[in-house]
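# Summary of the model geometry
Next come the chains, spelled out residue by residue.
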Amino acid sequence: LKVIDHIEQVREWVRAHKTLNHRIGFVPTMGALHEGHLSLVRRSTAENDVAVVSIFVNPLQFGVNEDLQKYPRPLEKDIRMLSQCGVDLCFHPQASELLGEDLQTFVDMQGLPEHLCGLKRPGHFRGVCTIVAKLFNIVSPDRAYFGRKDLQQLFIIQKMVRDLNFSVEIVPCPIVREADGLAVSSRILYLSPDERKDATILSKVIKQAAEAPWAELTASELIAQLRKSVTAVASARIDYIQIVDESLEDVKLVKNGDILALAVYIGSTRLIDNYVFGQKLNF
Ligand code: AMP
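### Quick notes on the sheet that holds strand S7 (residues 236-244)
Overall, antiparallel pairing links the three strands, which are arranged S7-S8-S9 in an open sheet. Taken across any chain shown, the strands that pair with only one partner, and hence form the sheet edges, are S7 and strand S9 (269-276). In this sheet, neighbouring strand axes are inclined to one another by 15° on average, regardless of whether the strands run parallel or antiparallel. Where strand S8 (residues 259-266) lies against S9, eight bridges are found, and the strand directions are antiparallel. Bridging across to S9, Ala 263 finds its partner in Ile 272. Sitting on the sheet, helix H9 (residues 201-211) is in contact with S8 and S9, with an inclination near 155° to S8.

Below is the structure:
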């Protein structure tokens, strides 16, 4: 595993592999790696000639009152994990180099970001898209892997790639969960033992929704039932629970392929999860 901080050195590495006709797989992350990230990484190493992972806690995607400062950064442990997975290059840029002193160009999508997390975290997806676009331009991957856990982000990146003609195939990857159903996330590290138990409410309501006679209910009836379950957990506070279609518009009646999207605070930690109606659950 090679660890590179500087953009120009990554470009050189990429040029050398392109000359050899190597296909480059890429997984962008913010580090604090866990099984969710590693599932993307393993797929990338299996499907490509060389695998690149970036670790960058992107300041542009954090709001003023969010957890940028306290976001975990266990770099040495991350590098060990990537090395064990057979990753070829870890790109770990400094914010000063990647953002520069005077960034004036942003990828500001209209439409998909005006729903769900985008409404709750103004500027978040602008920050995500801008950095992912920069990373794509530096790494020039053939394939890039994104988790379905951040489903709105996945849809937005797919749309950005179509709209701006990036030459990369976006590969969606399934949500990795703990045994009790909780979607693995770097933010789980913030939870106290009691909060960790309460956090299972997210996967519990996903199960509740999947097992409900949803085809016979209106979306608002089903959402009311789910809200009731979440509200019964003292440490939980609903940010949103919505049922949307693929364009992220709220639906009135639920059909196969519609998405239950939820964001719930457990104490001060905000967790997200989602379920695509009709899919089998594996927990
Ligand atoms: P992050 O480091 O949070 O920016 O995540 C990097 C990538 O890992 C994103 O594409 C996420 O969707 C993906 N990811 C994070 N957690 C999971 C999970 N539990 N299952 C699948 N993918 C995940």
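### Some words on the site of the ligand
Near the ligand you find 16 residues, and of these Met 30, His 37, Asp 150, Val 176 and Val 184 are the closest. The contact in question runs from an oxygen atom of the ligand to an N or O atom on the backbone of Met 30, over 2.9 Å. Here His 37 contributes a side-chain N or O atom positioned 2.8 Å from an oxygen atom of the ligand. Starting from 490 Å² of accessible surface for the ligand in isolation, the protein chains cover 92%.

### A look at helix H3 (residues 75-84)
Where H3 is concerned, the buried positions are Asp 78, Met 81 and Leu 82. The buried residues of H3 occupy an angular sector of 100° when projected down its axis, which confines them to one face. What points out from H3, more than 90 degrees from its buried face, is the exposed set Glu 76 and Gln 84. The inward-facing, buried residues of H3 abut helix H2 (35-47), strand S3 (50-55) and strand S4 (89-91). Looking one or two residues past H3, Gly 86 carries a phi angle of roughly 80°, positive in sign.

### Description of the packing of aromatic side chains
The geometry of an aromatic ring pair is captured by the separation of the ring centres together with the interplanar angle, meaning the angle of the planes. Taken as a whole and judged by the stated rule, the model has six aromatic pairs. Seen from their ring centres, Phe 136 and Phe 166 are 5.7 Å apart, and the 70° between their planes marks the pair as edge-to-face. With Phe 136 in helix H6 (residues 124-139) and Phe 166 in the loop between helix H7 (151-163) and strand S6 (169-173), this residue pair connects regions lying 30 residues apart in the sequence. Across this residue pair, the class does not change: Phe 136 and Phe 166 are buried. An aromatic cluster is defined as three or more aromatic residues linked by ring pairs; in this entry it consists of Phe 26, Phe 136, Phe 146 and Phe 166. Across from the ring centre of Tyr 190, 4.2 Å away, lies the NZ or CZ of Lys 70, which sits over that ring. The cationic tip of Arg 237 hangs over the ring face of Tyr 265; the distance from NZ or CZ to the ring centre is 4.3 Å.

### Points about the nonpolar core
Within the largest apolar cluster, 49 residues are counted, with the highest numbers of intra-cluster contacts made by Val 10, Phe 136, Phe 146, Ile 157, Met 160 and Ile 170. A per-element tally of this core places H6 first, with ten residues. Sequence-distant contacts of Ile 170, defined by excluding residues within four places in its chain, comprise Phe 136, Ala 144, Phe 146, Leu 154, Ile 157, Gln 158 and Val 161. By size, the runner-up hydrophobic cluster in this structure holds 31 residues, among which are Ala 199, Ile 223, Leu 226 and Leu 262.

The rules we used
- Residues numbered from 1 in each chain as written.
- Predicted model: local features only at pLDDT ≥ 70, side-chain atom pairs only at ≥ 80, totals over all residues.
- Heavy atoms only, no water.
- Pairing = 2+ DSSP bridges.
- Helix = DSSP H or I, 4+ residues; strand = E, 2+ residues; numbered from the N terminus.
- Axes fitted to C-alpha atoms, helices over the stretch in contact; angles between N-to-C directions.
- Contact = heavy atoms within 4.5 Å.
- Near = heavy atom within 4 Å.
- Polar contact = N/O pair within 3.5 Å; in protein donor to acceptor, adjacent residues only side chain to side chain.
- Areas by Shrake-Rupley, 256 points an atom, 1.4 Å probe, with all protein chains shown as cover.
- Buried < 20%, exposed > 50% of the residue type's maximum accessible area, 1.4 Å probe, protein only.
- Arc of directions from axis to C-beta.
- Phe/Tyr/Trp six-rings, centres within 6.5 Å; stacked < 30°, edge-to-face > 60°.
- Lys NZ or Arg CZ within 6 Å of the ring centre and 35° of its normal.
- Core = buried A, V, L, I, M, F, W, Y, C linked by side-chain atoms within 4.5 Å.

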